[in-house]
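One-letter residues, chain by chain:
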Amino acid sequence: MSMFCFQCQETAKGVGCTINGVCGKKKDTANLQDLLIYVAKGISYVSIRGKDLPEDIEEKVNKFLLDALFTTITNVNFNSEDIKDKIEYGLKLKRDLIKLGGVDVASAPEAARWDSDRDEFDEKAEKVGILNIKNEDERSLKELIVYGIKGIAAYAEHAYVLGFQKREIFEFIKNALSKTLENLSVEELIDLVFETGKYSVEVMALLDEANTSTYGHPEITEVNLGVDKNPGILISGHDLKDLEELLEQSKDSGVDIYTHGEMLPAQYYPAFKKYSHFKGNYGNAWWKQNEEFEKFNGPILMTTNCLVPPRDSYKDRVYTTGVVSFPGCKHIPDRENGKPKDFSEIIEHAKRCQPPQELERGKIIGGFAHNQVFALADKIVDAVKSGAIKKFVVMAGCDGRMKSREYYTEFAKKLPEDTVILTAGCAKYRYNKLNLGDINGIPRVLDAGQCNDSYSLVVVAMKLKEIFNLNDINELPIIYNIAWYEQKAVTVLLALLYLGVKNIHLGPTLPAFLSPTVLNFLVEKFNVSTISNVDDDMRKFFG
Ligand code: SF4
Ligand code: SF3
């Protein structure tokens, strides 16, 4: 076996990618990502055992951990050389930590002691994969924790660039990563899974605060799906700070800006509405990008996941930034000394391109994060009390390319007309253009935003529990039918479990990294299950 990765929903045969990734990740890159995680664990181990570190070093460690973890999320970074740079940097940082902290690593786990030159990385990378953990339950729980932490790191990074951070979140990341190097009992690991859930909630709350205090509260917005006559730049991924700087730098250039995939919810923030060249959303979820990027004609900026290996026909128009990297694609460097990123090259590139080819026309509506939903609370409560709304169905999460995901479109179409879908994340593209109508003026699809805005759905659920004077969140008329794909969805799932949400349906398949024992635990404690077919599930949910 030359690699082993089972972190996402599309893993080969529902078991694990062993030759190359279904996502397009090559085996060398996959192994180097394992090595980067190994280095992150070693750094965590060392950093919590040494003397207190100077603030600037602490900051470097925190930043490195966010970067390393985010880099290994599915569809973020396909560039072996870039990952080697990060490993090299991490090893240097570890050396400094050992010295500065006075840490004795003689009897430490190998990940804390390991040091090497770049030309040995490939060889080492083949030896540090997760199959080294022989016990499948230990492997399953440790990976569940690490994947949750990857999502936490991604959300913490988005908050960090907006100037928001929490010491406890960094402490947790380091402690938890370090613990994965120890021999822990199943009970101890389960406790750590719940702690991961706790910090998943914390980080989503932090990011919510960062986003809303920087850009305002999302509000009801009609988003244009058509195109204009100017050349455009398509921006995708989750990073709102990148969007802000791109909008500002391109405002008088004659180039229009369109969102793609998970950037769609940026349209709901008041701060971006002042830009008249911010035209609308182009296309659908990430996995359709081969076809849609081709037709866009202009350059594309990938700020985070999900990047699909680009076709040669448009590869020269794909720019990466932040943690995203793909061999041969131009990379826009990070901010330095508090200055914005420099997007002049991509703006100049756009000026030489044809305007985007129209994919569709019309509008969709979104912007139902917690603040906006609270503004509509009376209306919603009345509709529930009068029986006009019988149930809410949380259909948040990720989209993906598997045919089995057509289930979600069918499911949305067949839902009784007195149900409202609550969504967040790119899962919404399976049904957000269906025109499902409204109930007393409340749209039947309420989109809160990106996957991290699943937090908004939790806040709304908590509020409804309070309004209806219930003891338990599970007494609410809410069905959870969540679609997952990558590791941020694991973070969202752990957050929901931590909050005590039961009866979650997870699809289109259950994670391959859940061993039978771990799955059994989740079934017994939380009644987690997967989906079946639409008709059977309709009967199950609605009788
Ligand atoms: Fe396979 Fe998913 Fe890992 Fe890619 S991220 S190698 S598709 S399991
Ligand atoms: Fe989608 Fe990749 Fe997860 Fe943020 S863009 S939800 S899959």
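None of these values were measured; they are calculated from a predicted model.

Visitor: So what exactly am I meant to see when it comes to the site of ligand 1 here?
Guide: Ligand 1 sits among M3, C5, F6, Q7, C8, T11, C17, G21, V22, C23, K25 and T74. Among the residues making up the shell around ligand 1, the classes are represented as seven nonpolar, four polar and one charged.

Visitor: Is there a simple way to think about the nonpolar core in this case?
Guide: Burial of nonpolar side chains together is a common tendency in soluble globular proteins. Core analysis: the biggest nonpolar cluster contains 151 residues, and I87 and I173 have the highest contact counts within it. The residues touching I87, leaving out its near neighbours within four places in the chain, are L32, L35, L36, V39, W114 and F121. Ranked by size, the runner-up nonpolar core spans 18 residues in total, among them Y431, V445, V534 and M538.

Visitor: Quick question: what am I supposed to make of the packing of aromatic side chains here?
Guide: Each pair of aromatic rings is reported with the distance of its centres and the angle of its planes. Under the defined criterion, the tally for this structure stands at 24 aromatic pairs. Seen in terms of ring centroids, Y407 and F411 are 5.5 Å apart; in terms of plane orientation they differ by 20°. Their pairing is stacked. Taken together, the positions of Y407 and F411, both in helix 15 (residues 406–414) and four residues apart, correspond to about one turn of that helix. Here the aromatic rings of F411 and F541 are separated by 5.8 Å at their centres, their planes lie at 90°, and the arrangement is edge-to-face. Residue F411 is found in helix 15, and its partner F541 is found in helix 19 (residues 534–542); the two are separated by 130 residues along the sequence. Neither F411 nor F541 differs from the other in exposure class; each is buried. In this structure an aromatic cluster arises from ring pairing among F4, F6, Y147, W484 and F513. Just above the ring of Y45 sits the side chain of R49; from NZ or CZ to the centre is 3.6 Å. One Lys or Arg, K463, reaches over the ring of F374 and ends 5.4 Å from the middle of that ring.

Visitor: Can you help me understand the sheet that holds strand 15 (residues 504–507) in this one?
Guide: Strand-to-strand pairing in sheets goes through backbone hydrogen bonds, with the strands running parallel or antiparallel. Spatially, 13-10-9-14-15 is the arrangement adopted by the five strands of the open sheet, whose pairing is parallel. Bordering the open sheet on either side are strand 13 (445–447) and strand 15, each of which pairs with just one other strand. Ignoring strand direction, the axes of neighbouring strands in this sheet form an average angle of 20°. Here three bridges tie strand 10 (residues 419–423) to strand 13, and the two strands are oriented parallel to one another. Its bridge partner being in strand 13, L422 is matched across the sheet by L446.

Visitor: Can you walk me through the site of ligand 2 in this structure?
Guide: Around ligand 2 sit H238, E262, W286, N305, C306, C398, C426, C451, Y485 and E486, and that is every residue in its neighbourhood. Its residues assigned to classes, the shell around ligand 2 comprises six nonpolar, two polar and two charged. Structurally, the shell around ligand 2 is a two-domain feature, drawing no fewer than three residues from each of domain 2 (221–351) and domain 3 (370–542).

Visitor: Explain the side chain of T29 to me, please; I cannot follow it from the model alone.
Guide: Here T29 shows up in helix 1 (residues 27–47). Looking at T29, the relative accessible area reads 4%, which means it is buried. Not counting residues within four places of it along the chain, the set of residues in contact with T29 comprises N77, F78, N79, S80 and I83.

Visitor: Looking at this structure, how should I read helix 18 (residues 516–526)?
Guide: Along an α-helix, a turn takes 3.6 residues, which lines up residues three or four apart on a common side. Where helix 18 is concerned, the buried positions are V518, L522 and F526. For helix 18, the buried positions fall inside an angular range of 40° around the axis, keeping them on one side. In helix 18, the exposed positions angled more than 90 degrees off the buried face are occupied by P516 and E524. Buried positions along helix 18 lie against helix 6 (136–161), helix 8 (186–215), helix 17 (487–498) and strand 15. Looking one or two places after helix 18, you find N527, whose phi comes out positive at around 55°.

Visitor: Looking at this structure, I do not really get the domain arrangement of the protein chain. What am I missing?
Guide: One widely used convention gives an interface's size as the accessible area the parts lose upon coming together. Splitting the protein chain by domain gives domain 1 (1–132), domain 2 (221–351) and domain 3 (370–542). Every contact between the two is made by 22 residues of domain 2 and, on the other side, 18 residues of domain 3. It is E262, W286 and W287 that lose the most area in domain 2 upon contact with domain 3, and together they represent 39% of the buried surface on that side. Counting across the domain 2 and domain 3 interface gives one salt bridge. When the shortest N-O distance is used, the salt bridge between K428 and E262 registers 4.0 Å.

How each quantity is defined
Residue positions are given per chain, counted from 1 along the sequence in the order it is written. Whichever chain is written first is A, and whichever ligand is written first is 1; the rest continue in order. Where local features are concerned, this predicted model is filtered to residues with pLDDT of at least 70; where side-chain atom pairs are given and counted, the filter is 80 or more; whole-chain, interface and lining totals use all residues. Only hydrogens and water are set aside when side-chain values are computed; all heavy atoms of the structure are taken into account. To be near a molecule or strand, a residue needs just one of its heavy atoms within 4 Å of it. All residues other than Ala, Val, Leu, Ile, Met, Phe, Trp, Tyr, Cys, Pro, Asp, Glu, Lys and Arg, Gly among them, are scored as polar; the first ten of these are nonpolar and the last four charged. By nonpolar core we mean a set of buried residues, namely Ala, Val, Leu, Ile, Met, Phe, Trp, Tyr and Cys, connected to one another through side-chain atoms within 4.5 Å. Using a 1.4 Å probe on the protein chains alone, a residue whose accessible area is under 20% of its type maximum counts as buried, one over 50% counts as exposed, and one in between counts as partly exposed. The criterion used for residue contact is that any of the two residues' heavy atoms lie within 4.5 Å. Working definition: a ring pair exists when centres of Phe, Tyr or Trp rings (six-membered ring for Trp) sit within 6.5 Å. Plane angles under 30 degrees give stacked, over 60 give edge-to-face, the rest tilted. Helix and strand labels come from DSSP, where a helix needs a run of H or I of at least four residues and a strand needs a run of E of at least two; each type is numbered from the N terminus. Whether a charge sits over a ring depends on NZ of Lys or CZ of Arg being within 6 Å of the ring centre and within 35 degrees of the ring normal. What makes two strands pair is DSSP finding at least two bridges between them. Lines fitted to C-alpha atoms define the axes here, with helix axes fitted over just the stretch in contact, and angles between the N-to-C directions of these axes take values from 0 to 180 degrees. Source of the domain bounds: an automatic or database domain assignment. Of all possible arcs, the one meant is that of the directions from the helix axis to the C-beta atoms. What counts as buried area is the accessible surface, traced by a 1.4 Å probe, that two parts surrender upon association, with contributions from both included. Only one rule defines a salt bridge in this text: a Lys or Arg side-chain nitrogen within 4 Å of an Asp or Glu carboxyl oxygen.

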